[in-house]
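# Fold and geometry: a report
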Amino acid sequence: MTDVSVPVPADLTGVCSTVFGERLPLARRYAELLAGEGIEWGLIGPRETERIWERHILNSVCVSPLIDDGLRVADIGSGAGLPGIPLAIARPDLSVCLVEPMERRVDFLNLCVSELGLGDTVSVVRSRVEEYHGVVDVVVCRAVSSVTSLVGMTAGLVGPAVLLAIKGDRAPVEISDAAGELRRRRLTASVERVAVDGMVVGTVVRIAER
């Protein structure tokens, strides 16, 4: 395995300690895997190393405060394990399924689950979102598609489950663009800006039944 050191930036030490607690070493190891095999295998860009903690790992756990204890979570289009793996590290009470159709990415996800010892709470399923029929309480995703497309892709899951999509500043615009599709499927959407220790770590679009 490639050994790449990716220390927690000094200005993020406090918030990372709050989020991950005693499991922070697992988050550090995951950061190393992203910066090593993740870049080598083309899952993230080579320029992402300096931004792994803020842009990828902390951003991924912004969904955590919106998920109740002990729920079943599916990370659709998991890619390099974002947001599912940081969420599983921060929340060992959750059962997390990483859903990803591409073989190379699935191999990386299995490597991460094994290397981090997450096999008791994390599973990996190779599947397209539209073909995944797991029984879950919450669906999470990051950088997968527009809200309009997500509503269609997750039609078999959302309703019984809540969808938490990590988005950026255009979240309100995406919700507006998806208004017709949301009405047709009797869904509501809201925007949540999540802060930890006073630091905004991400913006989440929450979609659920009316």
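Throughout what follows, the structure given in this document is the object of discussion. (Residues numbered from 1 in each chain as written. Predicted model: local features only at pLDDT ≥ 70, side-chain atom pairs only at ≥ 80, totals over all residues. Heavy atoms only, no water.)

With that settled, the discussion passes to the side chain of Asp75. Relative to the helices and strands, Asp75 is located in strand 1 (residues 72–76). Looking at Asp75, its side chain comes within polar contact range of the side chain of Ser78, at 2.7 Å. (Helix = DSSP H or I, 4+ residues; strand = E, 2+ residues; numbered from the N terminus. Polar contact = N/O pair within 3.5 Å; in protein donor to acceptor, adjacent residues only side chain to side chain.)

So, on to the side chain of Lys167. The topology assignment puts Lys167 in strand 5 (residues 162–167). The class for Lys167 is buried, based on a relative accessible area of 15%. Within the local environment of Lys167, its side chain forms a polar contact with the backbone oxygen of Ser145, the two atoms lying 2.4 Å apart. Setting aside residues up to four positions removed in sequence, Lys167 forms contacts with Ser145, Ser146, Val147, Leu150, Glu174, Thr203 and Val205. (Buried < 20%, exposed > 50% of the residue type's maximum accessible area, 1.4 Å probe, protein only. Contact = heavy atoms within 4.5 Å.)

Moving on, we get to the pairing of strand 2 (residues 95–100). For strand 2, the tally of buried residues reaches five of six residues, placing the bulk of the element in the interior. Bridge count for strand 1 against strand 2 is five bridges, and the pairing is parallel. Across the sheet, Arg72 pairs through a bridge with Ser95, a residue of strand 2. Chirality of the crossover, the property in question, places the unit of strand 1, helix 4 (residues 84–90) and strand 2 among those that are right-handed. Note that strand 2 and strand 3 (residues 122–126) share five bridges and pair parallel. Its bridge partner lying in strand 3, Glu100 is registered against Arg126. (Pairing = 2+ DSSP bridges. Right-handed = clockwise from strand over helix to strand, strands pointing away.)

The values reported here are purely geometric and, on their own, carry no functional implication.
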